[in-house]
Structures are given as structure tokens and as C-alpha cells.
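Single-letter residue listing:
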Amino acid sequence: QNMIFRGQGLNDNSINGKQPGRNRLTAADIDWMLNKLHIKTDLDLRSSSETANMTVSPLGPTVKFIHHSSYAYNGIFTEKGKKVMAENFRVFTDIENYPIYFHCIGGADRAGSLALVLEGILGVPERELGIDWENTFYPHLPDMKEEFGPTYWCRYQYFLELFPQYGKEGDSFNKMIENYLLSCGITMEEIEKFRKIMLE
């Protein structure tokens, strides 16, 4: 709906934790994102060591820059992971933040975990959530297997194994995700606010 965009980092990761990495965007890229997509918010999910504590988006000072060091897969179920998930979700409950571009460095793991929650709360079936994850992840699989180990491709299973703890027999996967957000401290009013923004 031209409201939410998910992608890769707009600049490289810092190489020393002190200076932000090189901007990946050309002047034409920035013009397109600002004047065609009308991006208002850059939600960066990378760690502080990756961003070197950036305070301004690579898109420039007219874009709101929000940095939340975030988690992926089983990490979103930890105490810290749930706290950050609530912070991230609340970005999407404020209509003034839209359109939003959110990302980690590759757009697959931390961004993918947040995307799954956002889509799930909007009613996207689990099968389609899985396909969305596969389409993001598998093109990079040969490199990821070598870098992270041969079982890296199994990480989607954390969602299937851990979201059910937030539901009961007969609950849909979407209901489990809703209950998970409630356990993070998100209210039903906030969930409905997001749904009202996104659903026609």
C-alpha cells in the first residue's frame, strides 16, 4: 500500500563502532525515496556497534531516524527482545510516521522477524508468512550456510515452536502473534490502531 517498505541497510555497517559506514545511496536513490516513496521514517534495527550511534538517516535530516537495536528468531521471545518488539511496533501505530522504511543490514533476519509480526497481526496466514520468509532468505542461502553454519536455514522453525506458547489449542497462528504482542506490553487499542491504518 506504499505505507511500509522493508529492505537492506541504507549505509554499510560501521567497521570500528565509532564512525558510521559508507552511505549506499546515490543522489538519485535519495531523490526517489524522498520524492517518489515519500519516506518519512527510517527505522533502523541494527545494533549500536553497526550504526556507530547514528542520529541522522542516510536519507537526510528531513526523515525521522529511529534506532532500536533489535533481535531475530528466538531472540524476540526473550525479555529484552519483547521490550524492543513493543518499541518497534509502536512506531507503526503513529500515522505521522508513514511511509516507513524499516531495515537491518540485510533485511532478512531482524527485519524479517518484525515483518512476520506485522503481517501476522494483519491476518496474513502462517503459510504465506513462511513463503515470504523463504523468498527473502533462500536467495542468500549458499553464503549464509558457509558463514553461519549448515543449520542456519532452520531458524524459521523458532517461530513455529515458540509462538504456540502464546495460544491455546485451536488458536490460529495470527491469534498467537496477537497474544505475543500483548505479552510484550502492547495494548489491543494499539493493535487496532495499526490495523485501522493498514487495512481497508
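The residue numbering used here restarts from 1 in each chain and proceeds along that chain's sequence as written. Per-residue local features are limited, in this predicted model, to residues with pLDDT of at least 70; the limit for side-chain atom pairs, both in listing and counting, is 80 or more; totals at the level of whole chains, interfaces and linings are taken over all residues. With hydrogens and water stripped out, all remaining heavy atoms of the structure feed into the side-chain values.

Within the protein, the secondary structure is distributed over 9 helices and 4 strands. The numbering of helices and of strands both runs from the N terminus, where a helix is a DSSP run of H or I of at least 4 residues and a strand a run of E of at least 2. The linear arrangement of helices and strands in the protein, starting from the amino end, is β-α-β-α-β-α-β-α-α-α-α-α-α. Throughout, the radius of gyration refers to the C-alpha atoms, and the reference size of a globule is 2.2 Å times the residue count to the power 0.38. Whereas a compact globule of 200 residues would reach a radius of gyration of roughly 16 Å, the protein reaches 17 Å, a difference of no more than 12%. Projected onto the principal axes, the alpha-carbon positions of the protein cover approximately 50 × 40 × 30 Å. Counting the 200 residues in the protein, one finds 48% classified as buried. Partly exposed residues are those whose accessible area sits between 20% and 50% of the maximum for their type, while under 20% is buried and over 50% is exposed, using a 1.4 Å probe and protein chains only.

In this section: the packing of helix 3 (residues 79–91) against helix 4 (residues 110–121). In this description, a line fitted to the C-alpha atoms serves as the axis of each element, helices being fitted only across the stretch in contact, and the angle between N-to-C directions of two axes falls anywhere from 0 to 180 degrees. At a minimum axis distance of 11 Å, the contact between helix 3 and helix 4 shows a crossing angle of 60 degrees. For the element pair helix 3 / helix 4, the angle class is oblique. Where helix 3 crosses over helix 4, the two elements pack in a sense that is right-handed. For the pair helix 3 and helix 4, the contacting residues are Met-85, Asn-88 and Phe-89 in the first and Ser-113, Leu-114, Val-117, Leu-118 and Ile-121 in the second. A breakdown of the residues in the contact of helix 3 with helix 4 according to their chemical character gives 6 nonpolar, 2 polar and no charged. In these notes the angle categories are as follows: under 35 degrees is roughly parallel, over 145 is roughly antiparallel, 65 to 115 is roughly perpendicular, and the rest is oblique. Take the far helix as the reference: if the near one is turned anticlockwise from it by less than a right angle, the crossing is left-handed, and if turned clockwise, right-handed. Should any heavy atoms of two residues lie within 4.5 Å, those residues are counted as being in contact. Each residue gets one label: Ala, Val, Leu, Ile, Met, Phe, Trp, Tyr, Cys and Pro are nonpolar, Asp, Glu, Lys and Arg are charged, and the others, such as Gly, are polar.

Moving on: the pattern of salt bridges. Salt bridge, as used here, is a side-chain nitrogen of Lys or Arg placed within 4 Å of a carboxyl oxygen of Asp or Glu. Considering all chains together, one arrives at 11 salt bridges under this definition. The residue Asp-44 makes a salt bridge to Arg-46 at a minimum N-O spacing of 2.8 Å. Grouping residues by exposure puts Asp-44 and Arg-46 together as buried. The closest approach of N and O atoms between Glu-190 and Arg-90, which form a salt bridge, is 2.7 Å. Of this pair, Glu-190 sits in helix 9 (residues 188–198) while Arg-90 is found in helix 3, placing the two residues 100 residues apart along the sequence. A network of salt bridges, in which partner residues are shared, links Lys-175, Glu-178, Glu-192 and Arg-195.

Tracing the chain through its elements places Arg-110 in helix 4. The class for Arg-110 is buried, based on a relative accessible area of 16%.

A general feature of soluble globular proteins is that nonpolar side chains tend to end up buried together. Throughout this description, the term nonpolar core refers to a set of buried Ala, Val, Leu, Ile, Met, Phe, Trp, Tyr and Cys residues connected via side-chain atoms within 4.5 Å. Core analysis: the largest hydrophobic core is formed by 42 residues, its most contacted members being Leu-43, Phe-92, Phe-102, Phe-159, Phe-163, Tyr-180 and Leu-181. Contributing elements (two or more residues each) for this core: helix 3, strand 4 (100–103), helix 4, helix 5 (126–137), helix 8 (173–183) and helix 9. Per element, the largest residue contribution to this core is 7 residues, and it comes from helix 4. Once residues within four sequence positions are removed from consideration, Leu-43 is found in contact with Ile-66, His-68, Asn-88, Val-91, Phe-92, Ile-100, Tyr-101, Phe-102, His-103 and Leu-114. Membership of the second largest hydrophobic core comes to 9 residues, among which are Leu-10, Leu-25, Leu-37 and Leu-59.

A few words now on the side chain of Thr-41. Along the chain, the position of Thr-41 falls in strand 2 (residues 41–44). The class of Thr-41 is buried, set by a relative accessible area of 0%. Contacts described as polar in this section are N or O atom pairs within 3.5 Å, which, within protein, must combine one atom able to donate a hydrogen with one able to accept it, while residues neighboring in sequence count only if both atoms come from side chains. At a separation of 2.7 Å, a polar atom in the side chain of Thr-41 contacts the main-chain carbonyl oxygen of Asn-97. With residues up to four places along the chain from it excluded, the contact list for Thr-41 reads Val-63, Lys-64, Ile-66, Val-91, Asn-97, Pro-99, Ile-100 and Tyr-101.

Site definitions follow a grid-based scheme: protein atoms alone, a 1 Å grid, a 1.4 Å probe that fits but cannot get out for cavities, and for pockets an open set with protein on both sides within 12 Å along at least five of seven lines, plus lining residues having an atom within 4 Å of a point. Grid points are joined across faces, edges and corners, and a volume is the space filled by probe spheres set on the points. All chains considered together, the criterion is met by 2 cavities of 30 Å³ or more. By volume, the largest cavity amounts to about 60 Å³. Listed by contribution, the elements that provide at least two residues to the lining of the largest cavity are helix 3 and helix 4. Tallying contributions element by element places helix 3 first for the lining of the largest cavity, with 4 residues. Each residue belonging to the lining of the largest cavity can be placed in one class, and the counts come to 6 nonpolar, 4 polar and 1 charged. Each pocket or cavity is described by its volume, and for the second largest cavity that value is around 40 Å³. Arg-6, Gly-112, Ala-115, Leu-116, Glu-119, Leu-129, Asp-132, Trp-133 and Phe-159 are the residues that line the second largest cavity. Here the lining of the second largest cavity takes 4 residues from helix 4, the largest share from any one element.

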